[in-house]
Amino acid sequence: MTSQVPQSVQSPPAIVLVTGPSGAGRSTAINALEDLGYEVIDNLPLSLLPRLLEGPPISRPLALGLDVRNRDFGTNALIEAIDQLAARSDRDAQVLYLDADEEELVRRYSETRRRHPLAPAGTPLAGIARERELLGPVRARADVLIDTTGLSPHDLRAEVDRWFAPGDGRPLGVTIHSFSYKRGLPRGMDIVIDCRFLRNPHWDESLRRLDGRDVAVAEYVTADPRYDPFFERVKSLVDLLLPAHKDEGKSHLSIGFGCTGGQHRSVAVTEQLASALAHDGWHVSKRHREMERRDALGSKGHQV
């Protein structure tokens, strides 16, 4: 039997800002959203976005394709537009960021023999590096991040469908974040849990430069006598909340785990909960904010 969300609890019309480096699959994602019933405007100049939103009420979901080829594109301008949308109570806006690793982007450009828009007279690698630098702050603000490195166009369309199909066609998506309290809470968290009471691998010299994705760090964290009762209660709480949110028509739930530096304890807990929920059949993605920031900066250092 098919059910519908009562009008009184339906979300405002969705706006999806679709961006990411050239060659990562933005056009495929835009086409998939159009097939899902979204009104699509590709390569919209950022200067026209306020006029669009102040126009007549949006009657159906809207997908806006934005990339560095837009004539007035600027990182700060796009971040400002995201902030303005997030501040509005009459718009349910999300940022969809398509990404792929550098080697895959170079391979795709080599296969198509296209010139990179940011390096028309140079190598694709130079353009890819410049574009990643420009889009780094936007990537960090993404609500949904899809890595298309190992995805075919068909796989990518299926992934977009899982995240953005309206109504009952869209399962509840769960994103689990790890973060450092030193850099503040991630935006848009529904649930935030502090992991700083767990014993800290930072004080073990052999573990200091590793992170919670490493087996040795995970074993160190989970060996804390308080870990098992803590995780069991967190899992029980999430098991209670996810079906309830789904029944209420919610399309996405964000859960954040924080520790001092976002490298060890919060990462280990995020990994374990993501694995457990995926095993239960939930559609789960995970974000390690400080790890992504470190990788983007090419840092050789570490955080507590």
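That block above? That's the structure.
Reading the values: rules and limits
Residues numbered from 1 in each chain as written. Predicted model: local features only at pLDDT ≥ 70, side-chain atom pairs only at ≥ 80, totals over all residues. Heavy atoms only, no water. Helix = DSSP H or I, 4+ residues; strand = E, 2+ residues; numbered from the N terminus. Areas by Shrake-Rupley, 256 points an atom, 1.4 Å probe, with all protein chains shown as cover. Pairing = 2+ DSSP bridges. Axes fitted to C-alpha atoms, helices over the stretch in contact; angles between N-to-C directions. Contact = heavy atoms within 4.5 Å. Parallel < 35°, antiparallel > 145°, perpendicular 65-115°, else oblique. Left-handed = near helix turned anticlockwise from the far one by under 90°. Salt bridge = Lys/Arg side-chain N within 4 Å of Asp/Glu carboxyl O. Buried < 20%, exposed > 50% of the residue type's maximum accessible area, 1.4 Å probe, protein only. Phe/Tyr/Trp six-rings, centres within 6.5 Å; stacked < 30°, edge-to-face > 60°. Patch = residues over 30% accessible without salt bridge, like charges linked within 9 Å, V, L, I, M, F, W, Y side chains within 5 Å. Lys, Arg positive; Asp, Glu negative; His and termini not counted. Charge placed at Lys NZ, Arg CZ, Asp CG, Glu CD.

Looking now at the overall build of the chain. A tally of regular secondary structure across the chain gives 10 helices and nine strands. Carbon together with sulfur atoms contributes 50% to the accessible area of the chain, which is approximately 15,400 Å² in total.

Here the focus is the sheet that holds strand S7 (residues 191-194). Pairing is parallel in the open sheet, where four strands are placed in the order S7-S8-S6-S9. The open sheet has two edge strands with one neighbour each: S7 and strand S9 (283-288). Taking the axes of each pair of neighbouring strands and ignoring which way they run, one obtains an average angle of 20° across the sheet. Sheet analysis places strand S6 (residues 173-180) next to strand S8 (residues 252-259), joined by eight bridges and oriented parallel. Its bridge partner being in S8, threonine 175 is matched across the sheet by serine 254. Each of S6, S8 and S9 touches helix H6 (residues 153-164); the most contacted strand, S9, lies at about 95° to it.

Bringing the packing of helix H1 (residues 26-35) against H6 into the picture now. Two numbers describe how H1 lies on H6: the axes approach to 9 Å, and their chain directions differ by 50°. The orientation of H1 relative to H6 falls into the category oblique. Of the two possible hands of crossing, H1 and H6 adopt the one that is right-handed. Within the contact between the two elements, H1 uses Thr28, Ala29, Asn31, Ala32, Leu33 and Asp35 and H6 uses Pro153, Leu156, Arg157, Val160 and Phe164.

Time to look at the sheet that holds strand S5 (residues 144-147). Ordered in space as S2-S3-S1-S4-S5, the five strands form an open sheet in which the pairing is parallel. Since the sheet does not close on itself, it has two edges, and those belong to strand S2 (39-42) and S5, each with one partner. Each strand axis lies, on average, 20° off the axis of its neighbour in the sheet, ignoring direction. Direction of pairing for strand S1 (residues 14-19) relative to strand S4 (residues 92-99): parallel, over a ladder of six bridges. When the sheet's bridge partners are listed, isoleucine 15 is paired in S4 with alanine 93. Packing against the sheet, H6 makes contact with S1, S4 and S5, and its axis sits at approximately 165° to S5.

The subject of this paragraph is the pattern of salt bridges. Pairing is possible between side chains that carry opposite charge, provided their charged atoms lie close to one another. According to the stated counting rule, one finds 18 salt bridges in the structure shown. Across the pair arginine 107 and glutamate 104 runs a salt bridge, and its minimum N-O distance is 2.5 Å. Remark: glutamate 104 and arginine 107 occur in helix H4 (residues 102-112); sequence separation between them is three residues, near one turn of the helix. Given a relative accessible area of 37%, arginine 107 falls into the partly exposed group. Exposure remark for glutamate 104: the relative accessible area of 11% places this residue in the buried category. Put simply, arginine 183 and glutamate 290 hold a salt bridge, and the shortest N to O gap is 2.9 Å. Of the two residues, arginine 183 is situated in the loop between S6 and S7 and glutamate 290 in helix H10 (residues 289-297); the sequence distance between them amounts to 107 residues. Classification of glutamate 290 by relative accessible area gives buried; the value is 0%. In the salt-bridge network here, residues are joined through shared partners; they are Asp99, Arg132, Arg139, Arg287 and Glu292.

Mapped onto the fold, alanine 142 is located in the loop between helix H5 (124-140) and S5. Here alanine 142 falls in the buried class, since its relative accessible area comes to 7%. Along the primary structure alanine 142 and leucine 96 are separated by 46 residues, whereas in three dimensions their C-alpha atoms are 6.0 Å apart. Aside from chain neighbours lying at most four places away, what touches alanine 142 is Val95, Tyr97 and Arg287.

On to the packing of aromatic side chains, then. Inspection of every chain in the model, using the stated rule, returns four aromatic pairs. Judged by centre distance (5.0 Å) and plane angle (65°), the rings of phenylalanine 179 and tyrosine 181 are edge-to-face. Here phenylalanine 179 falls in the buried class, since its relative accessible area comes to 0%. Aromatic side chains tyrosine 227 and phenylalanine 231 sit 5.9 Å apart centroid to centroid with 15° between the ring planes, which places their arrangement in the stacked category. Taken together, the positions of tyrosine 227 and phenylalanine 231, both in helix H8 (residues 227-247) and four residues apart, correspond to about one turn of that helix. With relative accessibility at 11%, the residue phenylalanine 231 sits in the buried group.

Another aspect to go through is a negative patch on the surface. A contiguous patch of negative charge on the surface is contributed by Asp101, Glu102, Glu103 and Asp147. One can find glutamate 102 in helix H4.

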